[in-house]
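Residues per chain are reported as follows:
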Amino acid sequence: MALKRSLVPQSVYRRQLAARLKELRDAAGLTLTEVAERIEVNQSSLSRIETGDRGTSPVLVRALLDCYGVEDPAQRADVLDLVRADKEQQKPWWRKYSTVLTATRYDGYLALEAGATALANYQPMLVPGLLQTEDYARAIITQMRMELSPPQVEALVKVRMERQSSRLDGERPAKVWAILDEAVLRRTVGSADVMRDQLRKLAEASEQPNITVQLLPFALGAHPGLYGPFVILTFPDPTPNLVWLENPKNSVYLEAADDVDNYTEIFDQLRACALGQSETRTCIARISKELDQ
């Protein structure tokens, strides 16, 4: 399995730019060595630009376009737009919270999520961050990150709430498909009141056109998701999808096609096993009532 460990993965735009520049160089029939000699730039730097490991500037990209014989104004503008968009994405809203994000590479995930058009999330233990209430998020973060001070916990809670506003609201909200194990609903996080509010939010979120919530009931027994949680992120074409696996210290993302296809197949199997949306809402309501008993 191909694992990549990067504090902040390449932006969607950088990945698109890297692929486009390589495509243009190949079309021109030039090697990296030849391009480096022609425009007098270090070959290693060009290679890193084509792999998306580093950004670049409009000046260098114009020189590359000239070298590749790209004269069409619209085509040149499209490529230069990717350069500018990548630079803008390197100034994310979550930068002010960097001191509490970097320990778990959470900022790396936020960089990916910010550019995704759809997220397929399987969670066997927790409500996904995009669907958490503030009190639920606070209780989860407090218990999972016991080394954090109260102000740091509050900073992460704010990040989670801003994520929701950024990705679920607006003219083009991300599509979210969440599949949850019944244990997620049964585990009392914070208090009965906190869970009651959280279950209400889940039910209400599932009514939104861009959000799907499905439940894997205990009665199902063993299923393909027992390996653990994961998120599949879908990006605008031609950027390929990614899988994100979160761990306490070494969260990773997978970009090899075989890995992404494998997790996509698992997610499809889980969708087929899970309760439908209507049945899921009925189950959420039933569990919520049990909290009153």
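What you see is a predicted model; the values in this text were computed from it and never measured.

## Some points on the environment of Asp-237
Right, on to step 1. Relative to the helices and strands, Asp-237 resides in the loop between strand E4 (230-234) and strand E5 (242-245).
Right, on to step 2. For the pair Asp-237 and Gln-16, spaced 221 residues apart in the sequence, the C-alpha separation amounts to 8.5 Å.

## So, the packing of aromatic side chains
Right, on to step 1. Considering all chains together, one arrives at three aromatic pairs under this definition.
Right, on to step 2. Consider the rings of Tyr-122 and Phe-230, whose centres lie 5.8 Å apart with planes at 45°: the pair is tilted. Here the residue Tyr-122 occupies a position in strand E1 (residues 118-123), and Phe-230 occupies one in strand E4, the gap between them amounting to 108 residues.
Right, on to step 3. The class for Phe-230 is buried, based on a relative accessible area of 3%.
Right, on to step 4. The interplanar angle of 65° and the centroid separation of 4.9 Å between the aromatic rings of Phe-230 and Tyr-263 together place this pair among those described as edge-to-face.

## What about the sheet that holds strand E2 (residues 175-181)?
Right, on to step 1. With respect to topology, six strands assemble into an open sheet ordered E3-E2-E1-E4-E5-E6, the strand pairing being mixed. Each edge of the open sheet is held by one strand with a lone partner, namely strand E3 (211-216) and strand E6 (252-254). Each adjacent strand pair in this sheet contributes to an overall mean axis angle of 15°, direction not counted.
Right, on to step 2. Two elements, E1 and E2, share six bridges in a ladder whose sense is parallel. Residue pairing for E2: Tyr-122 is matched across the bridge by Ile-179.
Right, on to step 3. Contacts from helix H12 (residues 257-273) reach E1, E2, E3, E4, E5 and E6 within the one sheet, and its direction differs from that of E4 by about 110°.

## Some thoughts on the confidence of the model for the chain
Right, on to step 1. In this model, the chain carries a mean pLDDT of 85, and residues with pLDDT of at least 70 account for 88%.
Right, on to step 2. Taken together, the stretch residues 1-8 has pLDDT below 50 and engages in 24 contacts with residues farther than four places along the chain or on a different chain.

## Remarks on helix H8 (residues 134-144)
Right, on to step 1. Among the residues of H8, Tyr-136, Ala-137, Ala-139, Ile-140 and Ile-141 are the ones counted as buried.
Right, on to step 2. Contacts made by the buried residues of H8 are with helix H9 (150-168) and helix H11 (192-205).

## Digging into unusual backbone geometry
Right, on to step 1. With a phi close to 55°, Glu-40 is a non-glycine residue in the positive phi region.
Right, on to step 2. Tracing the backbone through its elements, the reader meets Glu-40 in the loop between helix H2 (32-39) and helix H3 (43-51).

Thresholds, definitions, all that
Residues numbered from 1 in each chain as written. Predicted model: local features only at pLDDT ≥ 70, side-chain atom pairs only at ≥ 80, totals over all residues. Heavy atoms only, no water. Helix = DSSP H or I, 4+ residues; strand = E, 2+ residues; numbered from the N terminus. Phe/Tyr/Trp six-rings, centres within 6.5 Å; stacked < 30°, edge-to-face > 60°. Buried < 20%, exposed > 50% of the residue type's maximum accessible area, 1.4 Å probe, protein only. Pairing = 2+ DSSP bridges. Axes fitted to C-alpha atoms, helices over the stretch in contact; angles between N-to-C directions. Contact = heavy atoms within 4.5 Å. pLDDT = per-residue confidence, 0-100.

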